[in-house]
Amino acid sequence: MRTFISFSLILVCLRCWAEIPVEHFSRLPAFAEPVMSPKSSKLSAVMVEDGQEYLYLFDLDPDRDPLLKPVRLMSKSEHLYFQDYKWVNEDVLLADIRTTVRWYGNLLNVTRFILIPADKALDHKFISADSDSWGRPKQHSNFIHRLPKDNDHILVAVDEDEKAQYLAPEVDRVNVYTGKKQRVQRNIKGIYDWIADNDGNIRVGVAYKGLTGDTDQLIYYRDKGENFKVFQRANYFDNKRYVPVAFHERDNNILLVRSTSEDEKSSDDKSRLYQFDLNKSKLIGPYINSKHEEVISKFEKALPGYTVSIVSSNDDDSQFIVYLHSDTKVPAYFYYNERTGLYTRFPSPYPELEGKLFSKMEELSYSARDGLTIPAFLTMPHSSRGKKVPTIVFPHGGPWSHDVWGFDPYVQFFADRGYAVFQPQFRGSTGYGADHEQAGYQQWGLAIQDDITDGVRWLIEQGIADPDKICIVGESFGGYAAAMGLAKTPELYRCGVSVAGVLDMKQFIADRGEYMFSGINKAILNKKKEAKLVSPYHLADQIRAPLLLIHGDKDTVVPIKHSKKLYKKLKRNKNDVELIKIKGGEHWHTSEQHQLQKLQAIDTFLAKHLK
């Protein structure tokens, strides 16, 4: 008996030692978002050292290994975040920088452009931006065109029409060496998005306004020298609506569009593009970049089991940055030179997780109570036997988004701790057709929540989930679904974790009514009169299970007051509730310190209630 006990203890200790440290799952990608310059002489990428993000600039030599020492770097400050990067020529990089400002008591996300000379990276220049007549800054700067025939200038939208107040961008021609700007397109017709052809002529504009409660989309088009005319007018919720993206790279008469047709399904995030002939006013077939497809095919054959995509290429499509990901392997970036046949792997995004044993993510589906088929992902911990496993229900944010098959540090963190991870793609999720998405409109806490509940009960019926050890965890909308699950089906969950969750639906609906595209928001969100019926804060008396609330105090999407209010109410009710405030934390994953703080708290909470 003594020998048996000792051997059991050894097995337990080995299991403890085998767990991957939580710190490794909280890291920001060590190498991410590589972008190649137009003539492929340089490369920019975000890299992390000691928890700090840096924008690195590399020299590329097509005949040698591209992993050369960086020639310049630029660090972010405590409150500045890199959003996007573009090479405007071989000498200058345009970086989109995001920060948070306070305007009349409200927190706003504001982006600004910085021009970074490759040879003098620290000598960067902000492109100036004017506030509107209310003193409000334009929240999002927009890049319009690189003007390849004019090496010194680009088109950007950094200001808005003062009379229209917001969502009315005006276009400037900016010198990339001096930052000086000149207005080339005033806002007309309330257009909020501009598209230029290959020569830099602004020929397409998109506006939301119309006859049916501000939910019509209008696409305006013009030929050179002509006035804008309506190209398409369609309700935002019309399945036959087109979404213009860009002009065909070789034909200024072909507009590339996305179709919102209900039969379009792209859950792998590869939205299909179609070619619209502006002269013939009709679709002429899907857009296929044969060169890119050829490169993708080569990598798929050489490295089977990965999903392959091209994230950057030079102007003549001879050199590429290729991204590979799978469910059980850390993602990888490769440099590929078609002319020389050279391909080299860039530094790993997650070096500490390389070579670790991860769990497979399986795709499945189940039937909701009304018969709707609900897709889902299930990740079983490799240490389990597949029956009566402690389970994490992990609904995605949005809810107008979706999960994808592939490596997810959060999912693998849960699985590494011995939990099954269930990710239902409930109605309202994108990527599964317009009908599936629109079935979720005005269904927060109602049919959407029922889809999640039906999936959990299906897992129990299949003998997969241990009915006594199920916890629902989510961020943003997923945080709402977690708290709502504890209130609506308290018998189903042992515990819940809400990170940056929407918890007061009455307040949320009222706030969204004042936001951009208010007509669309009103049509998508639940009616005001039923807000309390689907609000975790207003249903707090029904919550029984322990609840962990985590929220950043700089969250501009879902203010921390949502979590504070529910916490106070549950405390008064003597519930088992904890609130962790992330100082300086925002809505997105932008800080390793904040990620570690969250995951450590979740790890401790789950171990207490599920193990």
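Just above, that's the structure.
No experiment lies behind these values; they were computed from the predicted model shown.

What counts, and where the lines are drawn
Residues numbered from 1 in each chain as written. Predicted model: local features only at pLDDT ≥ 70, side-chain atom pairs only at ≥ 80, totals over all residues. Heavy atoms only, no water. Pairing = 2+ DSSP bridges. Helix = DSSP H or I, 4+ residues; strand = E, 2+ residues; numbered from the N terminus. Axes fitted to C-alpha atoms, helices over the stretch in contact; angles between N-to-C directions. Contact = heavy atoms within 4.5 Å. Core = buried A, V, L, I, M, F, W, Y, C linked by side-chain atoms within 4.5 Å. Buried < 20%, exposed > 50% of the residue type's maximum accessible area, 1.4 Å probe, protein only. Patch = residues over 30% accessible without salt bridge, like charges linked within 9 Å, V, L, I, M, F, W, Y side chains within 5 Å. Areas by Shrake-Rupley, 256 points an atom, 1.4 Å probe, with all protein chains shown as cover. Salt bridge = Lys/Arg side-chain N within 4 Å of Asp/Glu carboxyl O. Lys, Arg positive; Asp, Glu negative; His and termini not counted. Charge placed at Lys NZ, Arg CZ, Asp CG, Glu CD. Expected span 1.5 Å × (residues − 1). Arc of directions from axis to C-beta. Phe/Tyr/Trp six-rings, centres within 6.5 Å; stacked < 30°, edge-to-face > 60°. Lys NZ or Arg CZ within 6 Å of the ring centre and 35° of its normal. Polar contact = N/O pair within 3.5 Å; in protein donor to acceptor, adjacent residues only side chain to side chain.

Student: Mind laying out the sheet that holds strand β26 (residues 373-379), listing which residues take part and the relevant values?
Tutor: Read from one edge to the other, the open sheet built from eight strands follows the order β25-β26-β28-β27-β29-β30-β31-β32, with strand pairing classed as mixed. What marks the edges here is a single partner per strand, and that holds for β25 (361-367) and β32 (577-582). Going across the sheet, the axis of each strand differs from the next one's by a mean of 20°, ignoring polarity. Across four bridges, strand β27 (residues 389-393) lies against strand β29 (residues 465-475) in parallel orientation. Residue Thr391 lies in a different strand from β29, and its bridge partner there is Ile470. Each of β29, β30 (495-499) and β31 (547-552) touches helix α7 (residues 477-488); the most contacted strand, β29, lies at about 140° to it.

Student: Account for the nonpolar core, with residues named and values stated.
Tutor: Residues Val393, Trp444, Tyr480, Tyr493 and Met505 are the most contacted members of the largest nonpolar core, which totals 46 residues. Among the secondary structure elements, those contributing two or more residues to this core are β26, α6 (447-461), β29, α7, α8 (505-512), β31, α10 (561-572) and β32. When residues in this core are grouped by element, the largest group, eight residues, is from α7. Contact partners of Tyr493, with chain neighbours within four places excluded, come to Val393, Ile452, Val456, Ile470, Cys471, Ile472, Gly485, Leu486 and Ala545.

Student: Describe in detail the side chain of Glu437, supporting the description with residues and values.
Tutor: Among the structural elements, Glu437 can be located in helix α5 (residues 434-438). Apart from the residues within four sequence positions on either side, Glu437 is in contact with Trp400, Gly428, Ser429 and Thr430.

Student: Tell me what's going on with a positive patch on the surface, and back it up with residues and numbers.
Tutor: A cluster of basic residues, Lys564, Lys568, Arg572 and Lys581, forms a positive patch on the protein surface. Per element, the largest residue contribution to the positive patch is three residues, and it comes from α10. With respect to the helices and strands, Lys568 occurs in helix α10. Classification of Lys568 by relative accessible area gives exposed; the value is 53%.

Student: Talk me through helix α3 (residues 290-302); I want residue IDs and the actual numbers.
Tutor: With 13 residues, α3 extends 18 Å from end C-alpha to end C-alpha; this agrees with the ideal 18 Å at 1.5 Å per step. Among the residues making up α3, those that are buried are His292, Val295, Ile296 and Phe299. The buried residues of α3 occupy one face: seen down the axis, they fall within an arc of 100°. Of the residues in α3, the exposed ones pointing more than 90 degrees away from the buried face are Ser290 and Lys301. Residues of α3 that are buried sit in contact with β21 (307-313), β22 (319-325), β23 (332-337) and β24 (343-345).

Student: Hey, could you go over the packing of aromatic side chains for me, with residue numbers and the actual values?
Tutor: Taken as a whole and judged by the stated rule, the model has 30 aromatic pairs. The ring of Tyr537 carries Lys565 above its face, with NZ or CZ at 4.7 Å from the centroid. One Lys or Arg, Lys569, reaches over the ring of Tyr537 and ends 4.3 Å from the middle of that ring.

Student: Talk me through the pattern of salt bridges; I want residue IDs and the actual numbers.
Tutor: The tally for this structure, following the rule as stated, stands at 31 salt bridges. For Asp199, the salt bridge is made with Lys149, and the minimal N-O distance between the two is 2.9 Å. Here the residue Asp199 occupies a position in the loop between β13 (193-196) and β14 (202-208), and Lys149 occupies one in the loop between β9 (142-145) and β10 (153-160), the gap between them amounting to 50 residues. Because the salt bridges share partners, they merge into one network encompassing Asp159, Glu170, Asp172, Lys181, Arg183 and Arg186.

Student: With reference to specific residues and values, describe the side chain of Ser359.
Tutor: Relative to the assigned elements, Ser359 resides in the loop between β24 and β25. Relative accessible area serves as the criterion here: at 3%, Ser359 is assigned to the buried category. From its side chain, Ser359 meets the backbone oxygen of Met380 in a polar contact 3.3 Å long. A distance of 3.2 Å separates the side chain of Ser359 from the backbone nitrogen of His382, its partner in a polar contact.

Function-wise, these values are silent; they only describe arrangement.
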